[in-house]
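Geometric and topological summary
Listed here are the chains, written in short residue letters.
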Amino acid sequence: MTAERAPGAGGGGVVDGADRGDGADRGDGARRGLDARLVVDRGAFRLDAELRARPGEVVAVLGPNGSGKSTALRALAGLESLADGRIGLDAQDVTTMPTERRPVGMVFQDYLLFGHLSALDNVAFGPRCQGAGRAEARERAAELLERVGLAEYAAARPRALSGGQAQRVALARALAVRPRLLLLDEPLAALDVHTRASVRSELRRRLADLDCATVLVTHDPLDAMVLADRITVLEAGRVVQEGTPGEVAQHPRTGYVARLVGLNLYRGSARGTRVALAGGAESAPAEVSLSERWDGEVFVAFPPRAVALYRQRPDGTPRNLWRLRIEGVERFGDQVRVHLEGALPLLADITPEALAELRPVGGAEVWAAVKATEVRCYPA
Ligand SMILES: Nc1ncnc2c1ncn2[C@@H]1O[C@H](COP(=O)(O)OP(=O)(O)OP(=O)(O)O)[C@@H](O)[C@H]1O
């Protein structure tokens, strides 16, 4: 479950058994996808971060303002030169390769579509720059617009597109250069709140279909949780945590991460007002009840402060009630954060007085309750 650090010099970062390499260009054993150490000096600020993403994997770089997210993305795109480190892409060293020659597609925060070009010509722009003929570039652009569901908007100018559609054109444009690395800068920041949720789910599905490595930067934990397979958290130019969204949410390693992902988050399958959770690890799948009806694959989330803990089974049973084991307790601001395990892993923030009343001894079992109205649900 927990992220492992590669042992030894030059290792660092997260590895798994199947892909344990040191990033050297060595044919079979070489790491595919992105394998980078980015060192950028900007006077008082220094970015020194390792970033890895396998082909088909989406890695979110999450961090507060000024933590170096944009610097990292710009360095990957070749818009920022490295003081030290290396950028490997599918075992090729692209550290000093000029931006325009890198097999990298980028979606900028406000999409930066060319206002005077049609959607089709916007998408055809990259292939044209790479030397494709006009007909070939437009053919590839048409295919990509179709893939993002915008075939009928080929002739439209950017100003005639909604925010979500403009984002799809920007994505098609980035993919048109057949990138081995896709970079997304705050991909949902330009959208209003109502559009965000639907575009987020749609973008997730599109990213899941890609076979290139994807790195996106965001300061919104929800975007990172929903869009990414793995999250790398940057603070002050350094990686402070990395892992799957579940790992990062359940085991914050800094106050920033804990506040940021102050959510219990699960994925599951909804039917009516019940969600059967996926991947219940060693235990039987738990269920979460909702206050409204949903169907299909969803995320359910609720904050630790929405959890009440009881020694005895409470009367007037709330719809979500689990018997769980206390695994640990720590101070969390003026609250106490209780780590629970069992049918589902859970964080509960309660007052020190409430903890005193529970009188937990090691491994004690308690009842954890969450009102269905506290549970947020959104499409996976
Ligand atoms: N052009 C520049 N020259 C010098 N320092 C810069 C420049 N641009 C950014 N910085 C500094 O580099 C650091 C990292 O900035 P960066 O924009 O990468 O952070 P970020 O995590 O993307 O922040 P935000 O979420 O606000 O976009 C900051 O301390 C910033 O002040």
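The coordinates are above.
Calculation notes
- By convention here, each chain's residues receive numbers from 1 onward along its written sequence.
- In view of the model being predicted, local features appear only for residues whose pLDDT reaches at least 70, and side-chain atom pairs are presented and counted only at 80 or more, with totals across whole chains, interfaces and linings using the full set of residues.
- A run of H or I in DSSP becomes a helix once it reaches four residues, and a run of E becomes a strand once it reaches two; helices and strands are each numbered from the N terminus.
- Three exposure classes are used, based on other C-beta atoms lying within 10 Å of a residue's own C-beta, which is placed from the backbone: buried for 20 or more, exposed for 12 or fewer, and partly exposed in between.
- Contact between residues is assigned whenever the C-beta positions, reconstructed from backbone atoms, fall within 7 Å.
- In this scheme, strands are said to pair when DSSP sees at least two bridges between them.
- A fitted line through C-alpha atoms serves as each axis, taken over the contacting stretch for helices, and the angle formed by two N-to-C directions is quoted from 0 to 180°.
- By this rule the span expected of a helix is its residue count minus one, scaled by 1.5 Å.
- Only the C-beta atom, placed from the backbone, is used; a residue is near a molecule or strand if that atom lies within 6 Å of it.
- Under the scheme applied, nonpolar residues are Ala, Val, Leu, Ile, Met, Phe, Trp, Tyr, Cys and Pro; charged residues are Asp, Glu, Lys and Arg; polar residues are all the others, including Gly.

With respect to the overall build of the chain
Within the chain one finds nine helices and 18 strands. Residues counted as buried form 39% of the 380 residues belonging to the chain. A separation threshold of at least 6 residues defines the contact pool for the chain, and within that pool the share at least 24 residues apart is 64%.

Things to note about the sheet that holds strand β18 (residues 376-379)
Ordered by their spatial adjacency, three strands build an open sheet running β11-β12-β18, and the pairing between neighbours is antiparallel. The sheet is open, and its two borders are formed by β11 (264-277) and β18, each paired with just one other strand. Ignoring which end each strand starts from, the neighbouring axes of this sheet average 40° apart.

A few points about helix α4 (residues 163-175)
Between its first and last C-alpha atoms α4 spans 18 Å; for 13 residues at 1.5 Å apiece the expected length is 18 Å, and the two agree. Where burial is concerned, most of α4 is hidden: 10 out of the 13 residues are buried. Contacts from the buried residues of α4 go to β6 (104-107), α2 (119-129), α3 (134-147), β7 (181-185) and α5 (193-208).

As for the site of the ligand
Neighbouring residues of the ligand: Arg42, Gly43, Phe45, Gly63, Asn65, Gly66, Ser67, Gly68, Lys69, Ser70, Thr71 and His219. For the shell around the ligand, the per-class residue count stands at one nonpolar, nine polar and two charged.

Details of the pairing of strand β15 (residues 335-341)
Looking down a regular strand, the side chains alternate between one sheet face and the other. Across seven bridges, strand β14 (residues 320-332) lies against β15 in antiparallel orientation. Looking at the pairing, Gly328 lines up with His339 of β15. Sheet topology note: the β15/strand β16 (residues 346-350) ladder contains five bridges and is antiparallel. Bridged to Val336 within β16 is Ile350. Here β15 folds back onto β16, and the loop between the two strands holds four residues, one of which, Gly342, carries a positive phi near 150°.

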